[in-house]
Amino acid sequence: MHLEQLNEPITVRAVFNAHGEIEPSQFDWRGKIYAISHVYTGWNAPGLSQVPEHHLTVAAGGDDTYELVFSPDSLKWRLAGVLWEK
């Protein structure tokens, strides 16, 4: 198991449900589209501005875990890191 810190910009397809929660369905990283198979957990944490960022850990069909971060002030996503299982 290996944790790689990245902080790379990504494109995410997501919706906000009726409760205001983010529900991502896929993300595009380094030219590949990853279909999200499971959202493990989500939390808010301080970002670069006064507005908290939304963090989500997700699975994308394999054993690896991805941490996606949404910045509400810029409306941009980034991939904070990947926990590689192999």
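The structure under discussion appears in the preceding block.
Definitions and limits used
Residues numbered from 1 in each chain as written. Predicted model: local features only at pLDDT ≥ 70, side-chain atom pairs only at ≥ 80, totals over all residues. Heavy atoms only, no water. Helix = DSSP H or I, 4+ residues; strand = E, 2+ residues; numbered from the N terminus. Contact = heavy atoms within 4.5 Å. Polar contact = N/O pair within 3.5 Å; in protein donor to acceptor, adjacent residues only side chain to side chain. Pairing = 2+ DSSP bridges. Axes fitted to C-alpha atoms, helices over the stretch in contact; angles between N-to-C directions.

J.: Help me out: how do you make sense of the environment of Ser37 in this one?
T.: Residue position: Ser37 is located in the loop between β3 (32-35) and β4 (38-45). Placed 23 residues apart in sequence, Ser37 and Ala60 show a C-alpha to C-alpha distance of 5.1 Å. Among residues more than four places away in sequence, those in contact with Ser37 are Ala59, Ala60 and Gly61. A polar atom in the side chain of Ser37 sits 3.0 Å from the backbone nitrogen of Gly61.

J.: For this particular structure, what's the right way to read the sheet that holds strand β7 (residues 76-84)?
T.: The pairing of strands in a sheet comes from backbone hydrogen bonds and takes either a parallel or an antiparallel form. Strand order in this open sheet of seven strands is β3-β2-β1-β7-β6-β5-β4, and the pairing throughout is antiparallel. One side of each edge strand has no neighbouring strand; the edge strands of this open sheet are β3 and β4. Sheet twist, expressed as the average angle between the axes of neighbouring strands with direction ignored, equals 30°. The pairing of β4 with strand β5 (residues 53-59) spans seven bridges and is classified as antiparallel. Within β5, the position partnered with Val39 by the bridge is Val58.

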